[in-house]
Amino acid sequence: MKKLEGLEQKYSWLIKANVLFKTENDKTGEGKICEIELSAPGPRIFAKSNTDDFEKSMSKTIDDLKRQLEKRQATFSTH
């Protein structure tokens, strides 16, 4: 929650976040999936990670979202 709130603080134009945790049977030891979809002006922003721990998956997913949000922020500032 703290990491998502940090994104909300930095990017005030975010509308809503849908977070989904899933478990899959995976022989490699992974299978803890975190999916996050952000509603914002323009196309929706989505990221998904699959690791052996939900916390790692969430952290990796949020890092991916940060990259996407920075690109979107750059698009807003150029227009």
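What you see is a predicted model, and the numbers here were worked out from it, not measured in a lab.

### Topic: the overall build of the protein chain
Thinking step 1. Broken down by element type, the protein chain carries two helices and three strands.
Thinking step 2. Counting from the amino terminus, helix and strand elements in the protein chain follow one another as α-β-β-β-α.
Thinking step 3. Once the C-alpha set of the protein chain is aligned to its principal axes, its extents read approximately 50 × 20 × 15 Å.
Thinking step 4. In the protein chain, buried positions account for 30% of the 79 residues.
Thinking step 5. For the protein chain, restricting intrachain contacts to residue pairs at least 6 apart in sequence, the fraction spanning at least 24 positions comes to 38%.
Thinking step 6. On the protein chain, roughly 5500 Å² of surface is accessible, and the fraction owed to carbon and sulfur atoms is 50%.
Thinking step 7. Positive and negative side-chain charges in the protein chain, numbering 15 and 13 respectively, have mean positions lying 3 Å apart.

### Topic: the nonpolar core
Thinking step 1. Ranked by size, the top nonpolar core spans 15 residues in total, and within it Leu7, Leu14, Ile36, Leu38 and Leu69 carry the most contacts.
Thinking step 2. When contributions to this core are tallied by element, the ones reaching two or more residues are helix H1 (2-10), strand E2 (32-39), strand E3 (45-51) and helix H2 (54-78).
Thinking step 3. Ranked by the residues each element gives to this core, the list is headed by H2, at four residues.
Thinking step 4. Here Ile36 is in contact with Leu4, Asn18, Val19, Ile45, Phe46, Ala47, Met58, Thr61, Ile62 and Leu65, once residues within four sequence places are set aside.

### Some words on the pattern of salt bridges
Thinking step 1. Going through the model one piece at a time under the given rule, you end up with five salt bridges.
Thinking step 2. Via salt bridges that share partners, Lys22, Glu35 and Lys48 belong to a single interconnected network.

Rules used throughout
- Residues numbered from 1 in each chain as written.
- Predicted model: local features only at pLDDT ≥ 70, side-chain atom pairs only at ≥ 80, totals over all residues.
- Heavy atoms only, no water.
- Helix = DSSP H or I, 4+ residues; strand = E, 2+ residues; numbered from the N terminus.
- Buried < 20%, exposed > 50% of the residue type's maximum accessible area, 1.4 Å probe, protein only.
- Contact = heavy atoms within 4.5 Å.
- Areas by Shrake-Rupley, 256 points an atom, 1.4 Å probe, with all protein chains shown as cover.
- Lys, Arg positive; Asp, Glu negative; His and termini not counted.
- Charge placed at Lys NZ, Arg CZ, Asp CG, Glu CD.
- Core = buried A, V, L, I, M, F, W, Y, C linked by side-chain atoms within 4.5 Å.
- Salt bridge = Lys/Arg side-chain N within 4 Å of Asp/Glu carboxyl O.

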